[in-house]
Amino acid sequence: MGMLVNGVWHDEDPPSVGEDGSFVRLESGFRDRVTRDGSSGFKAEAGRYYLVTAPSCPWAHRTVLMRKLKGLEDAIPILQSDLPKGQGWAYSRGFDDLRPVDGVFHVHQVYSAARPGFTGRATVPVLWDRETRTIVNNESSEIIRMLNSEFEEFGNAALDLYPAVLRGAIEETNAFVYDAINNGVYRCGFAKTQSAYEQRLGRHRYLPGDRFTEADLRLFPTLIRFDAVYYSHFKCNLRRLADYRNLSNYTRDIYQMPGIVDTVDIPRIKLGYYGGMRNLNPSGIIPLGPELDFSAPHDRDRLANAA
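An account of the accompanying structure is given in this report. Every value quoted in this text rests on a predicted model; they were computed, and no experiment measured them. (Residues numbered from 1 in each chain as written. Predicted model: local features only at pLDDT ≥ 70, side-chain atom pairs only at ≥ 80, totals over all residues. Heavy atoms only, no water.)

The next subject is unusual backbone geometry. For the bond from Val124 to Pro125, the omega torsion is 5°, close enough to zero to count as cis. Relative to the elements of secondary structure, Pro125 occurs in the loop between α2 (108-114) and β8 (126-129). A cis amide bond links Gly289 with the next residue in sequence, Pro290, at an omega value of 0°. Assignment of secondary structure puts Pro290 in the segment after α8 (266-275). Positive phi, normally seen in glycine, also occurs at Asp96, with a value near 50°. Inspection of the secondary structure assignment puts Asp96 in the loop between β6 (88-91) and β7 (105-106). (Helix = DSSP H or I, 4+ residues; strand = E, 2+ residues; numbered from the N terminus.)

Laid out in structure tokens, this is it:
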């Protein structure tokens with residue numbers, strides 16, 4: 001996948017394997033915050049920030065979901081990867097004065113613009129501040145919190161996916177979701193943990209209970225990719241998501257919520273994995289299947305409706 005070393009792109013992969021051969025995810029390098037009152041140095045303003053993402057990345061998908069659900073499309077413009085990976089995530093256009101080089105714009109150009117001597121992986125999502133020309137944050141879990149609470153003036157202030165009354169349950173669920181599911185598929189561990197979610201979702205419509213929250217938003221990007229990508233590409237093939245009644249119905253339930261379908265592009269998701277990870281798929285051939293129908297009816301109405 002490659003990385004930046006002192007601001008210069010290198011095709012070699014960064015060290016991401018532990019001594020025991022397990023996958024190790026590197027820490028995000030930019031951790032500032034946008035705040036409603038600007039006390040952080042980054043004030044929430046319409047048009048000031050750019051969200052740089054990629055359709056196939058589940059971490060970036062979280063931020064795209066939150067932006068959509070909060071109605072922030074007009075306030076926060078977005079740049080979605082639309083070219084096969086070359087020097088990392090690739091785009092047919094840039095934004096502002098960050099322009100393509102030889103017809104291709106790469107996300108590592110954003111990192112180099114923010115910090116000329118940056119060393120590390122150039123990942124998505126990226127929340128870019130157009131005013132100070134820097135990356136505010138590239139950690140998806142923190143970006144979605146900002147989008148949820150700090151841009152109320154410009155979006156749907158009535159929707160709160162991190163309500164105070166459920167924060168304890170959300171944090172507990174998030175910890176399990178990240179370790180066993182979101183990051184688990186990269187360690188080929190997802191299939192071992194599905195049964196725990198089957199039990200939880202057999203009692204409640206959503207993870208913390210009967211209300212859709214941030215915890216569900218964080219899990220959904222992994223589930224929507226599982227049968228199309230992780231089952232075969234990451235060899236998490238003990239069972240398919242379709243083999244679990246509660247998980248598969250839960251996924252369709254969320255997919256059919258207003259606006260969600262606009263954030264899901266299965267062909268581009270498959271292109272990003274099968275076409276962009278030649279270490280796992282040297283031929284670059286993208287499979288035609290499996291056939292997936294997330295618009296099929298679900299049975300989640302048998303449980304309590306979301307509050």
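The structure having been displayed, the exposition proceeds.
On to the pairing of β8. Alternating positions in β8 separate into two faces, Val126 and Trp128 on one and Leu127 and Asp129 on the other, with burial throughout. In this sheet, β8 lies alongside strand β3 (residues 49-53) in antiparallel orientation, the contact comprising 4 bridges. Opposite Leu51, over in β8, you have Leu127 as the bridge partner. For β8 and strand β9 (residues 134-137), the ladder comprises 3 bridges, and the chain directions are antiparallel. Looking across to β9, one finds that Asp129 is bridged to Thr134. Counted between consecutive antiparallel strands, the loop separating β8 from β9 contains 4 residues, among which Arg133 sits at a positive phi close to 55°. (Buried < 20%, exposed > 50% of the residue type's maximum accessible area, 1.4 Å probe, protein only. Pairing = 2+ DSSP bridges.)

So, on to the sheet that holds β8. Whenever strands of a sheet pair, they do so through backbone hydrogen bonds, lying parallel or antiparallel. Taking strand neighbours across the sheet as the criterion, the 4 strands line up as β4-β3-β8-β9 in an open arrangement whose pairing is mixed. In this open sheet, the two edge strands, each paired with only one partner strand, are β4 (78-80) and β9. Along the sheet, successive strands turn relative to each other by an average axial angle of 30°, direction set aside. Along the sheet, helix α1 (residues 58-69) makes contact with β3 and β4, crossing β3 at roughly 135°. (Axes fitted to C-alpha atoms, helices over the stretch in contact; angles between N-to-C directions. Contact = heavy atoms within 4.5 Å.)

If you walk through the whole model with that rule in mind, you get 17 salt bridges. The partner of Arg205 in a salt bridge is Asp253, and the shortest N-O contact between them spans 2.8 Å. Pair noted here: Arg205 is in the loop between α5 (194-203) and α6 (214-233) and Asp253 is in helix α7 (residues 245-255), with a separation of 48 residues, a long-range link. You'll find Arg205 and Asp253 in the same group, each marked buried. (Salt bridge = Lys/Arg side-chain N within 4 Å of Asp/Glu carboxyl O.)

Contact pair helix α3 (residues 140-149) / α6: the axes reach a minimum separation of 12 Å and the direction vectors enclose 135°. Classified by the interaxial angle, the pair formed by α3 and α6 is oblique. At the point where α3 passes α6, the crossing takes the right-handed sense. Counted together, Ser141, Ile144 and Arg145 of α3 and Glu214, Leu217 and Arg218 of α6 form the full contact between these two elements. Grouping the amino acids of the contact of α3 with α6 by side-chain chemistry returns 2 nonpolar, 1 polar and 3 charged. (Parallel < 35°, antiparallel > 145°, perpendicular 65-115°, else oblique. Left-handed = near helix turned anticlockwise from the far one by under 90°. Nonpolar A, V, L, I, M, F, W, Y, C, P; charged D, E, K, R; others polar.)

Moving on, we get to the sheet that holds strand β5 (residues 83-86). As summarised here, the arrangement of the 3 strands in space is β5-β6-β7, forming an open sheet in which the pairing is antiparallel. Here the strands that pair on one side only, and so sit at the sheet edges, are β5 and β7. Two elements, β5 and β6, share 2 bridges in a ladder whose sense is antiparallel. Bridge assignment links Gly86 to a residue of β6, and that residue is Gly88.

Functional significance is not addressed by these values, which are geometric in nature.
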